[in-house]
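Each chain, written out:
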Amino acid sequence: MEESRAVRFPEYTDVLLPLSREMDFEIVPCAGWTQEMSDLRRTRLGVFNTDPAQAATKREYDRKIEAARRSRPDPTTMDDPRFIHSDRYDAVMREELEIYDAYLNEWIGPGGWTEINRAHYALIEQTIERAAGKRVLVTFGGGHKYWIVDQLRKRDDVALLDVNDFLPSQPVTGETMTETDFNARCREEVFELHQFFEDWFGGIIPNTPTGSGLTRFEAVLEDDFEIVSPEGVKSSREAITSSLAGAHGVHRDRGVRIWIENFRSRELDDETRIATYEEWQRIGGETRARLSTVVFSRAPGTVNGVKWRHVHETWLPDALP
């Protein structure tokens, strides 16, 4: 399985798809996204974040989002599946996403928060009605959960089960990660950070002291982090951070897409894991790719419980710049 939009999710690669070989069930796609909606959302968010005419509204939006995020628990708690399947998690996500919805749903259009949730739920509802009398598992990003559950609770023909009844008794934390957990968190970190790079180079993420800035990037680098570029140039944490800071929005006009393929990892010891993956970039009309080798270390308290210690990149022969 190599589809980059699916291999990032261990609930599919490690659970749902393997179980499909053993159990008799159907997997039904229920995502309402189209490429056109995604492209439009990215464009509209770029305008909202950079257009001087939107500056006052953007500042007001940022203040409210930052205030909402201060009520979030620490990242380890937010990633605990028991917390994800709780009313408190739904309340945290609802507070933040309803701000996003109020400011940006109409601005974005079909890919806005309310609009896309309606599209998702219409497909979920069709599947539920077609599977009357059967058990149905709905898998979506955790932020969507409160919206979907709100709709399901309005139906008198659906009984919602507590996911916590099906989870292990002990929480998964940075200190107690199994090898499978460690692998999943490294994979998620690779996919998430490269989405950050795409948004940074495209100017989607604001480059302001009170905005997202480089905080996401700096928080997951070890102090002695080093990266070796495909050209053989070695850079320290400070050098690569400085370089990235100067590249904000560099591809805004040309368009940029970054995606990951062929992620693999293996444990070196209890605290360290090595991973390889292909990083593909499409900038303007040009596509290029590199093979990356990464050393990760456990880091409880970071967004995915891991930090980047070392990266070595080389150009893929069939996708040279």
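All of these numbers come straight from a predicted model, not from anything done at the bench. (Residues numbered from 1 in each chain as written. Predicted model: local features only at pLDDT ≥ 70, side-chain atom pairs only at ≥ 80, totals over all residues. Heavy atoms only, no water.)

Student: Which residues make up the overall build of the chain, and what are the values?
Tutor: Each helix and strand in the chain was counted, giving 12 helices and 6 strands. Its C-alpha atoms give the chain a radius of gyration of 21 Å, within 12% of the compact-globule value 20 Å for 321 residues. Once the C-alpha set of the chain is aligned to its principal axes, its extents read approximately 60 × 50 × 40 Å. For the chain, with 321 residues in total, the buried portion stands at 44%. Summing over all exposed atoms, the chain offers an accessible surface of approximately 17700 Å²; the carbon and sulfur share of this is 51%. Here the chain contributes 41 positive and 57 negative side-chain charges, whose respective centroids are spaced 3 Å apart. (Helix = DSSP H or I, 4+ residues; strand = E, 2+ residues; numbered from the N terminus. Rg over C-alpha atoms; globule rule 2.2 N^0.38 Å. Buried < 20%, exposed > 50% of the residue type's maximum accessible area, 1.4 Å probe, protein only. Areas by Shrake-Rupley, 256 points an atom, 1.4 Å probe, with all protein chains shown as cover. Lys, Arg positive; Asp, Glu negative; His and termini not counted. Charge placed at Lys NZ, Arg CZ, Asp CG, Glu CD.)

Student: Give a detailed account of the environment of L214, specifying residues and quantitative values.
Tutor: On the secondary structure map, L214 appears in the loop between α10 (179–201) and α11 (215–218). For L214, a relative accessible area of 11% translates into the label buried. Taking the C-alpha atoms as reference points, L214 and L104, separated by 110 residues in sequence, lie 23 Å from one another. Residues contacting L214, with those up to four places away along its chain left out, are F196, W200, T241, L244 and A245. (Contact = heavy atoms within 4.5 Å.)

Student: Any chance you could break down the nonpolar core for me, citing the residues and the numbers?
Tutor: Counting residues in each nonpolar core, the largest one holds 31 residues, and the members touching the most others are F196, F197, F201, F217, L244, F296 and W308. Of all elements in the fold, only α10, β1 (221–228), β3 (256–269), β4 (272–283), β5 (286–298) and β6 (306–315) reach the threshold of two or more residues within this core. Among the elements that make up this core, the one with the highest residue count is α10 (9 residues). Setting aside anything within four residues of it in sequence, one finds F217 in contact with L193, F196, F197, I240, T241 and L244. (Core = buried A, V, L, I, M, F, W, Y, C linked by side-chain atoms within 4.5 Å.)

Student: Let's hear about helix α12 (residues 237–245): which residues, and what values?
Tutor: Along an α-helix, residues three or four apart share an orientation, since each turn contains 3.6 residues. R237, T241 and L244 are the residues of α12 that are buried. All buried residues of α12 fall inside an arc of 65° around its axis, so they share one side. Opposite the buried face of α12, at more than 90 degrees from it, the exposed residues are E238 and S242. Summarising the contacts, the buried residues of α12 are in contact with α10, α11, β1 and β2 (234–236). (Arc of directions from axis to C-beta.)

Student: Got a sec to walk through the sheet that holds β2? Specific residues and values, please.
Tutor: Spatial ordering of the open sheet is given by β2-β1-β6-β5-β4-β3, a layout of 6 strands whose pairing is mixed. Of all the strands in the sheet, the pair left with one neighbour each is β2 and β3. In this sheet, adjacent strand axes meet at a mean angle of 20° when their direction is disregarded. Taken together, the 11 bridges between β3 and β4 define a ladder with antiparallel strand orientation. Considered in β4, the bridge of E261 is made with E278. Of the strands in this sheet, β3, β4, β5 and β6 are in contact with α10, which crosses β3 at around 155°. (Pairing = 2+ DSSP bridges. Axes fitted to C-alpha atoms, helices over the stretch in contact; angles between N-to-C directions.)

Student: Talk me through unusual backbone geometry; I want residue IDs and the actual numbers.
Tutor: A negative phi holds for most residues other than glycine; trans holds for most peptide bonds. In the Ramachandran plot, N262 falls in the positive-phi region, its phi being about 55° despite a non-glycine side chain. Relative to the elements of secondary structure, N262 occurs in strand β3. Given a relative accessible area of 26%, N262 falls into the partly exposed group.

Student: Could you give me a rundown of the side chain of R273, with the residues and numbers involved?
Tutor: When you line up the elements, R273 lands in strand β4. At 2.6 Å, the side chain of R273 and the side chain of S265 are in polar contact. R273 has contacts with E179, F182, N183, C186, S265, R266, E267, L268, V294, V295 and F296, leaving out every residue within four places of it along the chain. (Polar contact = N/O pair within 3.5 Å; in protein donor to acceptor, adjacent residues only side chain to side chain.)

Student: Run through the layout of surface pockets, naming residues and quoting values.
Tutor: Volume-wise, the second largest pocket comes out at about 650 Å³. Taken together, 30 residues make up the lining of the second largest pocket; nearest its centre are F201, I227, I240, R290 and E313. Taken together, the elements giving at least two residues each to the lining of the second largest pocket come down to α10, β1, α12, β3, β4, β5 and β6. Per-class residue counts for the lining of the second largest pocket are 19 nonpolar, 6 polar and 5 charged. (1 Å grid on protein atoms, 1.4 Å probe; cavity = no way out; pocket = protein on both sides within 12 Å on 5 of 7 lines; lining within 4 Å. Points joined across faces, edges and corners; volume = space filled by probe spheres on them. Nonpolar A, V, L, I, M, F, W, Y, C, P; charged D, E, K, R; others polar.)

Student: Let's hear about the packing of helix α8 (residues 113–130) against helix α9 (residues 142–152): which residues, and what values?
Tutor: It is at 10 Å that the axes of α8 and α9 come closest, and there the two elements cross at 55°. Between α8 and α9, the angle is such that the two are oblique. Crossing of α8 against α9: the hand is right-handed. Listed contacts from α9 to W113, T114, N117, R118, H120, Y121, I124 and I128 of α8 are G143, H144, Y146, W147, I148, Q151 and L152. (Parallel < 35°, antiparallel > 145°, perpendicular 65-115°, else oblique. Left-handed = near helix turned anticlockwise from the far one by under 90°.)

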